[in-house]
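Architecture and fold: a report
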Amino acid sequence: MAASLTDLLHRFFRYGLVGVLATAAHYALLAALVEGVQVPAWIASGLGAALGAQVAFFGNRRFTFDHRGPLGPAWLKFQGTALIGALVGMAIVAGGVALGWHYLLAQVVATLTGLVLTFLVNRRWTFS
């Protein structure tokens, strides 16, 4: 049991590290679109999430889960998981902005929610 918990925590830590890089890409595109092009924050959040998902897939495939199976099926599963995470995130950002929150505060809440949700799904389904 201890080895299983240790492995889970180790993988979650690695998932978080990859997530930092993916999130940086996501937030950079989000801010550029909102501030530079005046795209609505919830749409920019979705586009940023799509970019971050590509960064996250390739980082997590090897670094976090050491997945050596076929690339195509894993990529499709990951994208499906990322899409669900993005839709949840977009809803959180839209709700937060509607409540008067700054879009970046709403995005932080969305990111933390998505981190836990997508880790659990990717661990059990995408890279199993």
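Remember, it's a predicted structure, so these values are computed and weren't measured experimentally.

Attention shifts here to the pattern of salt bridges. Following the criterion strictly, the structure yields three salt bridges and no others. Between Arg-11 and Asp-7 there is a salt bridge whose closest N-O contact spans 3.1 Å. With Arg-11 and Asp-7 both in helix α1 (residues 2–37) and four residues apart, the pair spans about one turn of that helix. Given the relative accessible area of 21%, Arg-11 is considered partly exposed. Residue Arg-68 is joined to Asp-66 by a salt bridge in which the shortest nitrogen-to-oxygen separation is 2.9 Å. Since its relative accessible area comes to 42%, Asp-66 is described here as partly exposed. Put simply, Arg-62, Asp-66 and Arg-68 are held in one network by salt bridges that share partners.

Rules behind the numbers
- Residues numbered from 1 in each chain as written.
- Predicted model: local features only at pLDDT ≥ 70, side-chain atom pairs only at ≥ 80, totals over all residues.
- Heavy atoms only, no water.
- Salt bridge = Lys/Arg side-chain N within 4 Å of Asp/Glu carboxyl O.
- Helix = DSSP H or I, 4+ residues; strand = E, 2+ residues; numbered from the N terminus.
- Buried < 20%, exposed > 50% of the residue type's maximum accessible area, 1.4 Å probe, protein only.

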